[in-house]
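The lines below spell out each chain.
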Protein chains: 2
Amino acid sequence: MLTIKDIARLSGVSVSTVSRVLNDRPDVSEESRRRVRAVIEDQHYIPNNTARDLVRIRSEAIGLVVRGVQNPFYTDIIHAIERALDTAGYTMVMRQIGFSDDEIEAGAVMQREKRLRGIIFLGGRSDYTPDELARVTVPFVFCSYTNSYGTLDPKRYSSVSICDEGAAFDAVSKLVESGHTRVAALIADADDSSISQLRYQGYCRALREHGIPLRDELVFSTDDSFAIEDAYRAMGAALSRTGDFTALFAIADDMAIGAMRALREHGRSVPEDCSVIAIDGIAVSEYIHPMLTTLCQPKTELGAKSVELLLDVIEGRGGHEQVTLPTVFRAGASVRRLNAL
Amino acid sequence: MLTIKDIARLSGVSVSTVSRVLNDRPDVSEESRRRVRAVIEDQHYIPNNTARDLVRIRSEAIGLVVRGVQNPFYTDIIHAIERALDTAGYTMVMRQIGFSDDEIEAGAVMQREKRLRGIIFLGGRSDYTPDELARVTVPFVFCSYTNSYGTLDPKRYSSVSICDEGAAFDAVSKLVESGHTRVAALIADADDSSISQLRYQGYCRALREHGIPLRDELVFSTDDSFAIEDAYRAMGAALSRTGDFTALFAIADDMAIGAMRALREHGRSVPEDCSVIAIDGIAVSEYIHPMLTTLCQPKTELGAKSVELLLDVIEGRGGHEQVTLPTVFRAGASVRRLNAL
């Protein structure tokens, strides 16, 4: 087997230069790097530190599984995650999957194929069981959701999320406090064991605590989608059945924007004929007309905190934690105060 | 040095199981995989095929450098790229950089750190010189832009883009054909050697070919940003200087949405008091009020074709190519036909 000295001789550089190339350090000229690598590849040289290199390569990668592509809410979060991982010396390997795909399956496959040190799940179900997660053997964190309906051992996972039920409760309470009693809801699914269900439950509790009966005919569902086009379609279909509401709670900004187009097309102005409130606070919702009134998620903090918790576990600084971050109310122009109750 | 037989003995599994673990094959139980890996790590075992493994790991990674984070236009493109790479058996390693960061620098660093086989640049300047790109020694493709103002050898790079100058020409011509002669432009920069300059030139040519003098006071610039908040601010500042236009060409959908808020806040309705047209076709622009009239880029095709061209070069099926894809006009409700010319 060749020694590092042989490599230096064959490539015409010093031993220390070979060492720097093997350790992938920046302080080597491109030309030296090229020559050393050519010799290594020609001679099938296996450096002594290869095992360590393999571990290092492996150890650098953190998987990011993004469920529900085209979700504008995720853009800032992904950027915050990428930046935090980069600062800590890790590589983010991202996989985007469809809204109805299985994020655990995707994570397990990635873990095997990409030799991950940890996984960040951005979007997923809130009812995982220990069995389902058994296939993921590296540390993981749920970003923007948590195990609300599940049975995971809190010592075995981290999560960073808002309180979805509470945010929905707050949003609907704003509508009621503005004089609205006929409040519709646009949701993805009432029992998807996910944030849609949590926010739907917050809606139900707000009505209940304000003494307003829940009317099922005012709960509109996209049939398990958060996509703007599905929100638009579901709202259009609902409006051809009923118009008996003065306000709408949409579980997501993007869905609210889709719904507002349907309202306009059915001759209802926002907020004159129908108030609209949502949750998320995506950038564009501040620029549309009327500006959307919404509860903003702390997007950058969601991403940065997820990385912090995951690396604490990976690097042995701490155990798993579930963190809840607050939302911030943004008063737009999409909610109208009713004069008479 | 340990042999594969020693590993099998120490971990209590068969030689073929060890081999399967070393080759990262799926047909191994998690328990066996765990035991073999534990022995390998304990013993610092260096498998014979490590050199090959290193090459294999390296060969799988394609870098994606995304310049200009928070650009909603990129979401669908990134998804298309990720899907195409995944189908072809590659890993996408993404790095998002700020709008004013250096994408070539980011690509060169990634190439070294992540051992890339190729790089996809999503967003960047259009005036690269061969010297600037010399640091990137793997094949690369520019996605959504090309080397319009640069001096790269066409045999040395691939690109997939629309004709930005032509799309802007078409957009402004639509306004003129609708009777508008006082047409303002909202751009990022008139000479950034990037798509902003190309689209600005298309605006100038459309005015020229329709016999309309260019008026510099109707060209509003965000000072080199494509961000919605900067478009909003630039448009607001412009409107406090001049209102002498009946139509606005914004070089991007997102910028148009920002501008429309500024127009409203200055008491000008779209399209009654000012028509607006843009380029890009991001999802949300179809749902806002009024629906934005725009020239849609073929986002999925931009991503898929970029991967196809890059892998053709990497896998030796073909040389570099520069491909131009057509835009599709979407008639929204943001352009009004003037009655009298």
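For the structure given in this document, a descriptive report is provided here. (Residues numbered from 1 in each chain as written. Chains lettered and ligands numbered in written order. Predicted model: local features only at pLDDT ≥ 70, side-chain atom pairs only at ≥ 80, totals over all residues.)

### Observations regarding the overall build of chain A
Filter applied, for reference: Here a strand is any run of E in DSSP of at least two residues, a helix any run of H or I of at least four, and the numbering for each starts at the N terminus. Burial is judged by counting the other C-beta atoms within 10 Å of a residue's own C-beta: 20 or more makes it buried, 12 or fewer makes it exposed, and any count in between marks it as partly exposed, with every C-beta position built from the backbone.
Scanning chain A for helices and strands turns up twelve helices and twelve strands. Counting only C-alpha atoms, chain A reaches 90 × 40 × 30 Å along its principal axes. Taken across its 341 residues, chain A has 51% of its residues classed as buried.

### Observations concerning the packing of helix α8 (residues 164–177) of chain B against helix α9 (residues 195–209) of chain B
All names here are of chain B. This is how it is decided: Helix axes are fitted to C-alpha atoms over the stretch in contact, other axes to C-alpha atoms as well, and angles between N-to-C directions run from 0 to 180 degrees. What sets the label is the angle itself: under 35 degrees gives roughly parallel, over 145 gives roughly antiparallel, 65 to 115 gives roughly perpendicular, and the rest give oblique. Left-handed describes a crossing whose near helix is turned anticlockwise from the far helix by less than a right angle; the clockwise case is right-handed. With C-beta atoms placed from the backbone, a contact is any residue pair whose C-beta atoms sit within 7 Å. Any residue outside Ala, Val, Leu, Ile, Met, Phe, Trp, Tyr, Cys, Pro, Asp, Glu, Lys and Arg is labelled polar, Gly included; the first ten of those are nonpolar and the last four are charged.
It is at 7 Å that the axes of α8 and α9 come closest, and there the two elements cross at 40°. Between α8 and α9, the crossing angle belongs to the class labelled oblique. In the packing of α8 onto α9, the handedness of the crossing is right-handed. Contacts between α8 and α9 pair Asp164, Glu165, Gly166, Ala167, Ala168, Phe169, Val172, Ser173 and Val176 from the former with Ile195, Leu198, Arg199, Gln201, Gly202, Tyr203, Arg205, Ala206 and Leu207 from the latter. In the contact of α8 with α9, the residues fall into ten nonpolar, four polar and four charged.

### With respect to the sheet that holds strand β9 (residues 275–280) of chain A
Residues and elements named next belong to chain A. Spelled out, the test is: For two strands to count as paired, DSSP must find a minimum of two bridges between them.
Read from one edge to the other, the open sheet built from six strands follows the order β7-β6-β8-β9-β10-β12, with strand pairing classed as mixed. Strands at the two margins of the open sheet, each flanked by one partner only, are β7 (219–221) and β12 (328–330). Sheet twist, expressed as the mean angle between neighbouring strand axes with direction ignored, is 20°. Note: strand β6 (residues 183–187) against strand β8 (residues 247–250), four bridges, orientation parallel.

### Some remarks on the environment of Phe249(A)
Residue and element names in this part refer to chain A. Residue placement: phenylalanine 249 occurs in strand β8. For the pair formed by phenylalanine 249 and valine 183, sequence separation is 66 residues and the distance between their alpha carbons is 7.1 Å. Setting aside residues up to four positions removed in sequence, phenylalanine 249 forms contacts with Ala171, Val172, Leu175, Val183, Ala185, Tyr203 and Ile277.

### A word on the nonpolar core
Quick note on the threshold: Core membership is restricted to buried Ala, Val, Leu, Ile, Met, Phe, Trp, Tyr and Cys residues, and these are joined into a nonpolar core through C-beta atoms within 7 Å.
Formed by 197 residues in total, the largest nonpolar core has its most connected members in Leu186(A), Ala259(A), Leu186(B) and Ala259(B). Ignoring any residue separated from it by four or fewer positions in sequence, one finds Ala259(B) in contact with Leu186(B), Ala231(B), Tyr232(B), Met235(B), Leu248(B), Ala250(B) and Val276(B).

### Some remarks on the sheet that holds strand β7 (residues 219–221) of chain B
All names here are of chain B. In space, the six strands of this open sheet follow the order β7-β6-β8-β9-β10-β12, with mixed pairing throughout. What marks the edges here is a single partner per strand, and that holds for β7 and β12 (328–330). Across the sheet, the axes of successive neighbouring strands diverge by a mean angle of 20°, strand direction being ignored. Here strand β10 (residues 293–296) runs beside β12; their pairing, made up of three bridges, is antiparallel. Directly across from cysteine 296, in β12, lies its bridge partner valine 328.

### Section: helix α5 (residues 74–87) of chain A
Residues and elements named next belong to chain A. Rules: Helix span is expected to be 1.5 Å times the residue number reduced by one.
Under the 1.5 Å per step criterion, the end-to-end length of α5 is 20 Å for 14 residues, consistent within 8% with the ideal 20 Å. Judged by how many residues are buried, α5 sits mostly within the fold: eleven of 14 residues are covered. Buried residues of α5: Tyr74, Thr75, Asp76, Ile77, Ile78, Ala80, Ile81, Glu82, Arg83, Ala84 and Leu85, and no others.

### Digging into the pairing of strand β10 (residues 293–296) of chain A
Side chains on a regular strand alternate between the two faces of the sheet. One ladder, built from four bridges, connects β9(A) with β10(A); its direction is parallel. Counted as the bridge partner of Asp280(A) is Cys296(A) from β10(A).

### Points about the pairing of strand β9 (residues 275–280) of chain B
Residues and elements named next belong to chain B. Put simply, the rule is: Handedness of a crossover is defined as follows: orient the strands so they point away from the viewer, and if the path from the first strand over the helix to the second runs clockwise, the crossover is right-handed.
Most of β9 sits out of view: six of its six residues are buried. Bridge count for strand β8 (residues 247–250) against β9 is three bridges, and the pairing is parallel. Bridging across to β9, leucine 248 finds its partner in valine 276. Crossover β8 to β9 through helix α11 (residues 253–265) is right-handed.

Geometry only, nothing functional implied.
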